[in-house]
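Remarks on the overall topology
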Number of protein chains: 2
Amino acid sequence: MTQVKAYAAHQADQPLGPFDLERRNPGPLDVEIEILYCGVCHSDIHTARNEWGGTMYPIVPGHEIVGKVTAIGAQVTKHNLGDTVGIGCFVDSCGYCHNCKEDLEQYCENGHSQTYNSFLQDKKTITYGGYSTHIVVTEKFVLRVPDKLPLEAVAPLLCAGITTYSPLKHWNVKKGDKVAVVGLGGLGHMAVKIAAAMGADVTMLSRSPEKAKDADALGAHHFELTTDSENMKKMTGRFDLIIDTVSAQHDYNAYLHLLKTDGTMVLLGVPPEMEQIHAGSLIFGRKSLVGSLVGGIKETQEMLDFCAEHGIVSDVEVISMDQINVAYERTIAGDVHYRFVIDMASLKN
Amino acid sequence: MTQVKAYAAHQADQPLGPFDLERRNPGPLDVEIEILYCGVCHSDIHTARNEWGGTMYPIVPGHEIVGKVTAIGAQVTKHNLGDTVGIGCFVDSCGYCHNCKEDLEQYCENGHSQTYNSFLQDKKTITYGGYSTHIVVTEKFVLRVPDKLPLEAVAPLLCAGITTYSPLKHWNVKKGDKVAVVGLGGLGHMAVKIAAAMGADVTMLSRSPEKAKDADALGAHHFELTTDSENMKKMTGRFDLIIDTVSAQHDYNAYLHLLKTDGTMVLLGVPPEMEQIHAGSLIFGRKSLVGSLVGGIKETQEMLDFCAEHGIVSDVEVISMDQINVAYERTIAGDVHYRFVIDMASLKN
């Protein structure tokens, strides 16, 4: 075991602070990674503060990890010393269930091992995330990161990138498709960039007129206000796909009306309370309301390669580790464009 | 114009009674049909009683119509005198919108003409349904009825049959798929028969143990009680597709949990109030909640041919026209196996 520096929450109502963490020595199939950057996802905050329940303290959050390989096990074939690699939302899964065999580890029927606040497949070793200097992960769950992209801006691709890429791919977005994105945060800004790169005609739907400029800069082709009922009426039946990234309570029916016949609306956010959905909003036009969770390892690699090919990264604000508590407050306030990323050198020194 | 005998509701709170109706003389593309049988759909009751609002009195319900061609216009090519034909839920549509061109007249963007309580495409002539001795319909919306089936039992295929066939077909049910049907009424009993004929492994989900025998007789391979929480848990992740025909308020999340990863739940019933759906019920397992409305004309013909090939008809109780008000009460009470069908000879005499 090796002791590494980390930042942890020790209680739901306490700020995060320094913590010494033990990482296992790399086994035959393991890759040891020196972490360079780790993104700050809203899930980190929910979990650190036990807002979803089930947090095991002390918790080390972080599942948008980019780093360099510093050691490999004897049987590792996918990665070499010095490679630039990434770790996303999970670090292992059963490997033998139907979903794992179909490269859908995110839906592992026996429960995958999330990167933090979860258990390894032995069902007893607790996992600790990327707010730390090093991590050790079995090679299958280590992604190759294309070197041509700025690494601090790649980190959020490992969660926000794949979470939006996966449904855009799965529901077959293609050139000319009309795609709308609801919510302009960490997920929303990636959805706009990726959908545009897929050739879609992208509309940002928003309640805030001041976001029009941001949407344009991100590559959205249109910006439409959802607060104007005449405007909403005008858009009836316009979209093939809507990506809804909002996790605050809101009315889904209004968006379902904007779908074409056979259109699909993808939920990525989980509001604590959902407004009532009317069966008629789905029946009249054979519409689909669907959900999607991150993406599998194979698809995450595909997303990283796609982003490298199209020069897509996240828009980030780099912070030092000791700024994390302020960053949490600013994330909650929506005061970030669009992702905080921790420069892990700040933890090493 | 020709005067024909019919049964109409003159007010929401009055029983249906005899009514003389004027039908247009057949135009060049029209088919005049002597109605032999007309099914009694729950929609008839909702509309007769103005439970959905917008009823234009007097109203003549009925959209599950089977009859014989008694006259054709000069340009009619699809049908001949004496042919056995059917009319379903709509009698015309714009014909030029995207959906009409795709054989999805049920989603006509300019508003299709429903068989009753609606307007023809002139947007001013009110339509009157199948509780009458004759009807005149433009040939495209007249279906060929295979003669080998008992006609009184074919009538409900024109609504209940196509409403269940269409989603089973659209979401690609195939041999071995695990399909569950919720609700054993007019729609549910057809869903069981058609899904079984498509080769699916069909489970009837019900709150009532006494329905097990009926489900078996209809061809369901399994019967499972939804009132037993251990039983529900046992079925977690079991089904590829769930057809939900229930229009009373009920919990959708419990059923969504029974879907496999990438499974689909189809809503056919419209509850006045919907229970809250949890985003997590869709996200964990990339599940789809969808709606479907009847089916297009081409698909309705395909369904009739499929039913003839597989010997599928509705289970019906034949009544005379003057029993309609009792039949309405029994339908509301669920006291029918599974569809009342009016023998229209009873109206002619």
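Residues numbered from 1 in each chain as written. Chains lettered and ligands numbered in written order. Predicted model: local features only at pLDDT ≥ 70, side-chain atom pairs only at ≥ 80, totals over all residues. Heavy atoms only, no water.

1. Section: the relation of the copies chain B and chain A
For the match of chain B to chain A, the screw axis carries a shift of 0.0 Å, the RMSD comes to 0.0 Å, and the turn is 180°. Both copies are brought into coincidence by an operation consistent with a two-fold rotation axis. Here 100% of the interface residues in chain B have copies in chain A that are interface residues too; the copies meet face to matching face. (Least-squares fit on C-alpha atoms with pLDDT ≥ 70 in both. Contact = heavy atoms within 4.5 Å.)

2. A look at the pairing of strand β17 (residues 339–343) of chain B
All names here are of chain B. Of all five residues in β17, four are buried; the element is thus mostly enclosed. Across four bridges, the pairing between strand β3 (residues 30–40) and β17 is antiparallel. Bridge pairing in β17 links G39 to V341. Judged from the five bridges that link them, strand β16 (residues 316–320) and β17 form a sheet pairing that is parallel. Paired with E317 across the strands is F340, a residue of β17. A crossover links β16 with its parallel partner β17, the connecting element being helix α11 (residues 324–332), and its sense is right-handed. (Buried < 20%, exposed > 50% of the residue type's maximum accessible area, 1.4 Å probe, protein only. Helix = DSSP H or I, 4+ residues; strand = E, 2+ residues; numbered from the N terminus. Pairing = 2+ DSSP bridges. Right-handed = clockwise from strand over helix to strand, strands pointing away.)

3. Thoughts on the interface of chain B and chain A
At the interface, 32 residues of chain B touch 33 residues of chain A. The contact between chain B and chain A buries some 2,700 Å² in all, and 61% of this surface belongs to carbon and sulfur atoms. The interface formed by chain B and chain A includes zero salt bridges. Counting across the interface, chain B meets chain A through seven residue pairs in polar contact (both at pLDDT 80 or more). Contributions of two or more residues to the side of chain B that touches chain A are made by α4 (160–170), β14 (259–267), α9 (279–283) and β15 (288–291) of chain B. Residues belonging to the side of chain B that touches chain A are distributed by class as follows: 16 nonpolar, 12 polar and four charged. By the bridge criterion, three bridges tie strand β15 (residues 288–291) of chain A to β15(B) in an arrangement that is antiparallel. Bridge pairing links V290(A) to S288(B) in β15(B). (Buried area = accessible area lost by both parts, 1.4 Å probe. Salt bridge = Lys/Arg side-chain N within 4 Å of Asp/Glu carboxyl O. Polar contact = N/O pair within 3.5 Å; in protein donor to acceptor, adjacent residues only side chain to side chain. Nonpolar A, V, L, I, M, F, W, Y, C, P; charged D, E, K, R; others polar.)

4. Things to note about the pairing of strand β4 (residues 65–72) of chain A
Each regular strand shows side chains that alternate between the opposite faces of the sheet. All names here are of chain A. One ladder, built from seven bridges, connects strand β3 (residues 30–40) with β4; its direction is antiparallel. Its bridge partner being in β4, V31 is matched across the sheet by I72. Summarising the sheet, β4 and strand β5 (residues 84–87) pair through four bridges and their orientation is antiparallel. What sits directly across from K68, in β5, is T84.

5. Looking at the sheet that holds strand β12 (residues 222–225) of chain B
The mixed open sheet is built from 12 strands, whose spatial order is β12(A)-β11(A)-β10(A)-β13(A)-β14(A)-β15(A)-β15(B)-β14(B)-β13(B)-β10(B)-β11(B)-β12(B). Taken across any chain shown, the strands that pair with only one partner, and hence form the sheet edges, are β12 (222–225) of chain A together with β12 of chain B. Strand-to-strand twist across the sheet, computed as the mean angle between neighbouring axes with direction ignored, equals 20°. Its contacts with the sheet place helix α4 (residues 160–170) of chain A against β10 (178–182), β13 (239–244) and β14 (259–267) of chain A together with β14 of chain B, and it is angled at close to 160° to β13(A). (Axes fitted to C-alpha atoms, helices over the stretch in contact; angles between N-to-C directions.)

6. Here we look at the packing of aromatic side chains
Residue and element names in this part refer to chain A. Summed over all chains, the structure comprises six aromatic pairs over all chains. A centroid spacing of 6.2 Å and a plane angle of 70° characterise the contact between F90 and F141, whose relative ring orientation is edge-to-face. Of this pair, F90 sits in strand β6 (residues 90–92) while F141 sits in the loop between β8 (134–138) and β9 (143–144); the two residues are 51 residues apart in sequence, bridging distant segments of the chain. Comparing F90 with F141, the two get one shared label, buried. (Phe/Tyr/Trp six-rings, centres within 6.5 Å; stacked < 30°, edge-to-face > 60°.)

7. Topic: the pattern of salt bridges
Under the definition given, this model contains 32 salt bridges over all chains. A salt bridge links R24(B) to D30(B); its shortest N-O distance comes to 2.8 Å. A relative accessible area of 31% places R24(B) in the partly exposed class. The buried category is assigned to D30(B), whose relative accessible area is 7%. Between E34(B) and K348(B) there is a salt bridge, with the nearest N and O atoms lying 3.1 Å from each other. Of the two residues, E34(B) sits in strand β3 while K348(B) sits in helix α12 (residues 345–348), which places them 314 residues apart along the sequence. E34(B) gets classed as partly exposed once you look at its relative accessible area, which sits at 25%. A network of salt bridges, in which partner residues are shared, links E224(A), K234(A) and R238(A).

8. Thoughts on the side chain of D44(B)
Residues and elements named next belong to chain B. Mapped onto the fold, D44 is located in helix α1 (residues 42–48). No salt bridge is formed by the buried D44; its nearest oppositely charged neighbour, R339, is found at 7.5 Å. Among the polar contacts listed, one links the side chain of D44 to the side chain of Y131, at a separation of 2.6 Å. If we skip the residues at most four places from it in the chain, D44 touches G39, P61, G62, H63, Y116, Y131 and Y328. (Lys, Arg positive; Asp, Glu negative; His and termini not counted.)

9. Here's the deal with empty space enclosed by the protein
Counted under the stated rule, the structure contains two cavities of 30 Å³ or more. What lines the largest cavity is simply G88(B), C89(B), F90(B), F141(B), L143(B), L158(B), I162(B), V294(B), G295(B), I297(B) and T300(B). In terms of residue class, the lining of the largest cavity is built from eight nonpolar, three polar and no charged. In this structure, the second largest cavity encloses a volume near 50 Å³. The wall of the second largest cavity is formed by G88(A), C89(A), F90(A), L143(A), L158(A), I162(A), V294(A), G295(A), I297(A) and T300(A). (1 Å grid on protein atoms, 1.4 Å probe; cavity = no way out; pocket = protein on both sides within 12 Å on 5 of 7 lines; lining within 4 Å. Points joined across faces, edges and corners; volume = space filled by probe spheres on them.)

10. Points about the packing of α4(B) against helix α10 (residues 297–310) of chain B
Residues and elements named next belong to chain B. Between α4 and α10, the least distance of the axes is 10 Å, while the angle of their chain directions is 100°. In terms of their interaxial angle, α4 and α10 are classed as roughly perpendicular. When α4 is examined against α10, the residues G161, I162, Y165, S166 and K169 are found in contact with a partner set consisting of E299, T300, E302, M303 and F306. (Parallel < 35°, antiparallel > 145°, perpendicular 65-115°, else oblique.)

11. Regarding the domain arrangement of chain A
All names here are of chain A. Domains assigned within chain A are domain 1 (2–159 + 295–348) and domain 2 (161–291). Computed from C-alpha coordinates alone, the two centres of domain 1 and domain 2 are separated by 28 Å. With both chains or domains summed, domain 1 and domain 2 bury close to 1,600 Å², and 58% of this area falls on carbon and sulfur atoms. The interface formed by domain 1 and domain 2 contains two salt bridges. Joining domain 1 to domain 2, the criterion identifies 15 residue pairs in polar contact (both at pLDDT 80 or more). Among the elements that make up the side of domain 1 that touches domain 2, the one with the highest residue count is helix α10 (residues 297–310) (six residues). Of the residues belonging to the side of domain 1 that touches domain 2, the class tally is nine nonpolar, five polar and four charged. (Domains from an automatic or database assignment.)

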